[in-house]
Amino acid sequence: MIEIDGSIGEGGGQILRTSLSLACLTGRPIRIYNIRAERKTPGLKPQHLMSVTAAARVTHGEVRGATLGSGEVIFRPGPLSGGSFTFDVAAIKASAGSTGLIFQTIVLPLGFAHKGSCLTIKGGTHVEWSPSADYLREIFLPVLSRTGLKITLENPVKGYYPMGGGEIDARISPLSRPLKPLRIIERGNLKRVSVLSTVANLPISIAERQIKRTLERLKGLAAEIECRTIEAKSPGRGTSLLILSEFENIRAGFTALGARGKRAEEVADEAVGDLLRYLNGKGAADPHLADQIILPIALGYGESAISTTEISGHLRTNMEVIKKFLDVKFSLQEDRQRGWLIKVEGVSFKGNLFKGGE
């Protein structure tokens with residue numbers, strides 16, 4: 001059984017999710033303790049508990065300690081199975097628990113199942129400290145598709161804090177071969193910038209103000225800028241802004257969310273600020289994407305090399321968790337011209353590479 005201290009490094013929730021993903025894939029039982037011990041309210045929150053539940057469902061596994069607030073979980077996965085799955089954070093507790101984080105826990109395991117999967121996850125689709133449904137669809141999944149994974153994702157209902165109630169629907173095709181390596185070192189030329197401004201049960205003028213402010217801040221940018229406003233379906237109120245920058249070799253995306261008392265212009269400034277920091281830096285992948293893509297390339301075959309603007313604490317922690325399951329070595333090197341370069345020789349994971357056991 002693999003023992004994992006949930007308080008090591010940064011991102012206790014991420015430690016849990018990566019550990020669950022790898023347990024599902026390898027069949028190895030795990031014990032995770034000190035879960036989110038560094039937080040003001042430690043232990044499992046609704047989205048974390050649903051991630052544990054989802055991992056158990058897709059593997060017919062056994063779980064101990066899966067309760068709200070629990071600081072320790074023991075998970076013994078069974079065989080992976082594809083199929084149709086629905087997970088609703090509200091079944092645990094009414095909240096805006098992140099659908100994106102639950103999705104990222106089980107998407108790779110389902111890709112290695114023997115048949116395809118239809119996945120519905122209900123909860124928060126646009127909430128702080130997690131990838132929005134827009135980010136998953138426009139940035140994360142296009143890069144993941146280059147490894148060979150075929151996944152589609154729709155977001156028919158938006159879920160904002162505090163009500164949640166949103167929905168993402170995904171279709172995941174089974175893999176027939178190991179994941180391909182990725183080599184994304186140069187961004188290439190900037191082709192266009194797309195701005196998606198969304199409101200739910202709020203005046204469309206708020207979305208228009210977010211667009212206006214964004215264009216004011218980016219008027220000196222030497223690129224075509226496409227703008228779109230949406231009045232989204234949602235059980236609650238909310239607003240969001242996604243700025244998508246498309247380069248020859250990669251996409252980078254920056255999301256900002258509205259909140260009570262937060263002006264539309266502040267939402268735009270937040271997203272534009274993140275974009276400008278990225279454009280003024282070196283490296284291809286934005287820091288969030290680098291963190292999210294590290295597990296797929298560790299599972300793939302051959303050497304992957306990706307540059308990024310920043311090596312975050314979350315990325316380093318993710319690497320340490322991955323090394324507990326896979327015999328991989330990560331190389332990190334700072335390059336003045338290319339930012340940070342991440343290299344790893346993947347394990348050519350085929351689904352039966354590990355037999356499980358303790």
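Whatever comes next refers back to the structure up there.
Nothing here was measured: the structure is a model prediction, and the numbers come from that model.

Q: For this particular structure, what's the right way to read the packing of helix α7 (residues 287-299) against helix α8 (residues 313-325)?
A: For any two helices packed against each other, one specifies the inter-axial angle together with the distance between the axes. The contact between α7 and α8 brings their axes to 9 Å, and the two run at 20 degrees. Taken together, the axes of α7 and α8 lie roughly parallel to each other. Classified by chirality, the crossing of α8 by α7 is right-handed. Side by side, α7 and α8 meet where Ala-290, Asp-291, Ile-294, Leu-295 and Ala-298 of the first sit next to His-314, Leu-315, Asn-318, Met-319 and Ile-322 of the second. Classifying every residue of the contact of α7 with α8 by side-chain character gives 7 nonpolar, 2 polar and 1 charged.

Q: Explain the nonpolar core to me, please; I cannot follow it from the model alone.
A: One broad rule of soluble globular proteins: the nonpolar side chains tend to lie buried together. Ranked by internal contacts, the top residues of the largest apolar core, which has 97 residues, are Ile-30, Phe-103, Leu-119, Leu-299, Ile-322 and Leu-326. Not counting residues within four places of it along the chain, the set of residues in contact with Ile-30 comprises Met-1, Ile-2, Ile-4, Ser-19, Leu-20, Ala-23, Val-73, Ile-74, Phe-75 and Phe-325.

Q: What exactly am I supposed to notice about the packing of aromatic side chains here?
A: What characterises a pair of aromatic rings is the spacing of the ring centres plus the angle enclosed by the ring planes. Applying the stated rule across the entire model yields 4 aromatic pairs. Judged by centre distance (6.2 Å) and plane angle (5 degrees), the ring pair of Phe-85 and Phe-87 falls under stacked. Phe-85 gets classed as buried once you look at its relative accessible area, which sits at 6%. Relative to Tyr-278, the ring of Phe-254 lies with its centre 5.5 Å away and its plane at 50 degrees, an arrangement referred to as tilted. Pair noted here: Phe-254 is in strand β13 (residues 251-257) and Tyr-278 is in helix α6 (residues 264-279), with a separation of 24 residues, a long-range link. Tyr-278 sits in the buried class, given a relative accessible area of 3%. Ring pairs connect the aromatic residues Phe-247, Phe-254 and Tyr-278, which therefore count as one cluster. Its guanidinium or amino end placed over the ring of Phe-247, Arg-187 lies 5.6 Å from that ring's centre, counting from NZ or CZ. Against the face of Tyr-278 rests Arg-187, its NZ or CZ located 3.9 Å from the ring centre.

Q: How should I be thinking about the sheet that holds strand β7 (residues 151-157) in this particular structure?
A: Two strands in a sheet stick together by hydrogen bonds in their backbones, pointing the same way (parallel) or opposite ways (antiparallel). One open sheet holds the 4 strands; their spatial order is β5-β6-β8-β7, and the pairing between them is mixed. Looking at the sheet topology across the chains shown, the edges are occupied by β5 (83-88) and β7. Along the sheet, successive strands turn relative to each other by an average axial angle of 15 degrees, direction set aside. Bridge analysis of strand β6 (residues 117-123) against strand β8 (residues 166-172) gives 7 bridges, and the strand direction is antiparallel. Paired with Leu-119 across the bridge in β8 is Ala-170. Running at roughly 175 degrees to β7, helix α4 (residues 133-145) makes contact with β7 and β8 of the sheet.

Criteria and thresholds
Residues numbered from 1 in each chain as written. Predicted model: local features only at pLDDT ≥ 70, side-chain atom pairs only at ≥ 80, totals over all residues. Heavy atoms only, no water. Axes fitted to C-alpha atoms, helices over the stretch in contact; angles between N-to-C directions. Helix = DSSP H or I, 4+ residues; strand = E, 2+ residues; numbered from the N terminus. Parallel < 35°, antiparallel > 145°, perpendicular 65-115°, else oblique. Left-handed = near helix turned anticlockwise from the far one by under 90°. Contact = heavy atoms within 4.5 Å. Nonpolar A, V, L, I, M, F, W, Y, C, P; charged D, E, K, R; others polar. Core = buried A, V, L, I, M, F, W, Y, C linked by side-chain atoms within 4.5 Å. Buried < 20%, exposed > 50% of the residue type's maximum accessible area, 1.4 Å probe, protein only. Phe/Tyr/Trp six-rings, centres within 6.5 Å; stacked < 30°, edge-to-face > 60°. Lys NZ or Arg CZ within 6 Å of the ring centre and 35° of its normal. Pairing = 2+ DSSP bridges.

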